[in-house]
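Commentary on secondary and tertiary structure
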Amino acid sequence: MPKLSTIHPFLFAIFPIMLLYSQNIHLLPIEEIIIPTLLVVGLGTISWIILNYFLRNVLKAGLIISLFLVTFFSYGHVYNILDDVSFIGFDIGRHIFLLIPFFIVLVLGIIYLLKTKRKLNNLSSVVNVISVTAVLVIAVNVGVDISQENYFGSQKLGIEEKFLGVGASKQPFLEIFSPPNENKYTASNVSIIKSDMPDIYYIILDEYGSNHALKKFFDYDNLQFLSYLKEKGFLVVSPSYTNYPTTVQSLGSSLNMDYINYLSEEAGIDSKNYHLLNDVLSRNKVMEILQTNQYNVINMGALWGPNNEFQNVNANLCEFKEFNRDSLMRELQHITMLGYFQEKLVEQGRRDRVLCVFDELPTLNQKFSSPKFVFAHIMLPHAPYIFGPNGENVNPGISLDDKPWDPKKAHIDQLKFANKKIRILVDTLLSQNNNSIMIIQGDTGSAFSGDWDNPSEDLIIERMSNLNAIYFPNGNYEAFSEYITPVNSFRIIFNEFFDANYTLLEDKMYWSTGSKPYAHKDVSNLLLEDNEI
């Protein structure tokens, strides 16, 4: 039996799990660490016992296990650092270039430990100290986050207690999260039932930028596709901007028909807790209002909220939950030397999800009665870059034309594929029912131009510039201003088609970083000046 004084194998077994949890403490419930910990520690302990039985040397057995754990679980971190790094035309961040040296180091290290005649007491003690230090550093970081109640499901905020069920408030969701202004309402007092209610399609193309941004940052003119949309009767907003720089913020705003800045007062501008943002999106006002008013609400390809679902939907299609939920086990697999195989499974899952949405959307009229609201989240042209311009299967890092891999070109190729599929989809939907409303929108633009936490003006412009195209069957777009933003989309729809009387909000654009999603900075002037408005 291994001696307790040799503790580094146990600590190196739990270290990668603790590290991942500490990096995502605001996204993952603590229960996520249980199964990975039991699995890795259990397999490590069994392997150590078996090795010690054959080697009759507890120190060698322990060092071999620790070497394996460190090599196996550090691989993904090195891969992430070197991802997209090129050297004399070669993308050195590809698995084919990294797996071989990692495997060589592991094998040579094991051979040395097996053959050496030296006593390994000192080495084992040093490794003990390193492992203890590493785990203590992570434990302190986790402890600080917990002491500051900056973790998933924190009870620090009264609003979160009400919302997450802690304290069991009876206050309705829409009352809790509506900002204090004249537009506060609940679904129960919004009546839109009419005899000819149109179907509504809200199609989100992830990271699809405006034509201004595509020309400026990619040297690509998307005019042909935009002209097609205009010929079909769409209003293509230009210049066009998203209200926020991340998906959960952008959609949380557009589907609640309001800015989400008021959440900063509740969560605190330094909070990293995305749970609140996910829940606001999960229980959004638009879906609740429409479902309350006899709409079939259909979600396609999207997962939101603590249970990976929208609250007010009648059907979920093309979800592929196993590839989309925030899972520590999935992330743990990704950082190992087996990450290549897990990555390929995820890529294929992404392909299947994208194609599923395009295949299923035209069939909804046969499967669901009208009126219906369809929310379709399509992960194009967002990475990973797995489609060529005509839908070819692409392995990220390997270009179709044998030229050096260019992520920007891959982004445009994937955008071209999205254009082809959207053309077919629009033609089909309009031929089936030209009385439908359609919004084809980028949640955000792309983000190639710099450091997210220290953004350049170019990064802000690139990220905040999105596609925004709207189709009204009556062709009346008088309510749309020159650069109307997504926060007003459904206010206009409800006013125009359901006799509502919502006040249009002033169009504003706000920047925040991934580490501080509630610290909003108004960048409206920067964006408008870039378009000389």
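As a starting point, this report considers the structure included with it. (Residues numbered from 1 in each chain as written. Predicted model: local features only at pLDDT ≥ 70, side-chain atom pairs only at ≥ 80, totals over all residues. Heavy atoms only, no water.)

Moving on: the overall build of the chain. Each helix and strand counted, the chain has 21 helices and 11 strands in total. A burial count over the chain gives 53% of its 533 residues as buried. A separation threshold of at least 6 residues defines the contact pool for the chain, and within that pool the share at least 24 residues apart is 73%. Summed over its atoms, the accessible surface of the chain is roughly 23700 Å², and 56% of this surface lies on carbon and sulfur atoms. (Helix = DSSP H or I, 4+ residues; strand = E, 2+ residues; numbered from the N terminus. Buried < 20%, exposed > 50% of the residue type's maximum accessible area, 1.4 Å probe, protein only. Contact = heavy atoms within 4.5 Å. Areas by Shrake-Rupley, 256 points an atom, 1.4 Å probe, with all protein chains shown as cover.)

Counting 108 residues, the largest nonpolar core has Phe-373, Phe-375 and Phe-490 as its most contacted members. Element by element, the count of residues in this core is highest for helix α18 (residues 407-432), at nine residues. Every residue in contact with Phe-373, bar those within four places of it in the chain, is listed here: Ile-200, Tyr-202, Leu-255, Val-286, Met-287, Leu-290, Tyr-295, Asn-296, Val-297, Ile-298 and Phe-490. If you look at the next biggest cluster of nonpolar residues, it comprises 32 residues, including Leu-20, Ala-61, Tyr-75 and Leu-332. (Core = buried A, V, L, I, M, F, W, Y, C linked by side-chain atoms within 4.5 Å.)

As for its position among the elements, Leu-355 is in helix α16 (residues 339-360). On the basis of relative accessible area, Leu-355 is assigned to the partly exposed category, the value being 31%. Taking C-alpha positions, Leu-355 is 9.6 Å from Gly-391, a pair spaced 36 residues apart along the chain. When near neighbours in sequence (up to four residues on either side) are disregarded, Leu-355 contacts Phe-387 and Phe-417.

A packed helix pair is summarised by two numbers, namely the angle formed by the two axes and the spacing between the axes. Running from amino to carboxyl end, helix α8 (residues 211-218) crosses α18 at an angle of 150 degrees, the nearest separation of the two axes being 12 Å. Relative to α18, α8 is oriented roughly antiparallel. The handedness of the crossing between α8 and α18 is left-handed. Each of Leu-214, Phe-217 and Phe-218 in α8 lies in contact with α18, whose residues at this interface are Lys-408, His-411, Ile-412 and Leu-415. (Axes fitted to C-alpha atoms, helices over the stretch in contact; angles between N-to-C directions. Parallel < 35°, antiparallel > 145°, perpendicular 65-115°, else oblique. Left-handed = near helix turned anticlockwise from the far one by under 90°.)

Turning our attention to the pairing of strand β11 (residues 516-522). Here strand β10 (residues 510-513) pairs with β11 via three bridges, running antiparallel. Pairing of Tyr-510 across the sheet is with Asp-522, part of β11. The hairpin turn running from β10 into β11, its antiparallel successor, is two residues long. (Pairing = 2+ DSSP bridges.)

A cluster of nonpolar side chains, contributed by Ile-100, Phe-103, Ile-104, Val-107, Leu-108 and Ile-111, occupies part of the molecular surface with about 540 Å² of accessible area. Among the secondary structure elements, Leu-108 is positioned in helix α4 (residues 95-115). (Patch = residues over 30% accessible without salt bridge, like charges linked within 9 Å, V, L, I, M, F, W, Y side chains within 5 Å. Salt bridge = Lys/Arg side-chain N within 4 Å of Asp/Glu carboxyl O.)

This next bit is on the layout of surface pockets. The probe, sized like a water molecule, is rolled over the atoms to show the empty space still left. In this model, the second largest pocket occupies a volume close to 360 Å³. If you go around the second largest pocket, you meet 16 residues; those closest to its centre are Leu-39, Val-40, Leu-43, Phe-72 and Phe-73. Elements that contribute at least two residues to the lining of the second largest pocket include exactly α2 (34-55), α3 (58-82) and α15 (328-334). In the lining of the second largest pocket, the residues fall into 11 nonpolar, five polar and no charged. (1 Å grid on protein atoms, 1.4 Å probe; cavity = no way out; pocket = protein on both sides within 12 Å on 5 of 7 lines; lining within 4 Å. Points joined across faces, edges and corners; volume = space filled by probe spheres on them. Nonpolar A, V, L, I, M, F, W, Y, C, P; charged D, E, K, R; others polar.)

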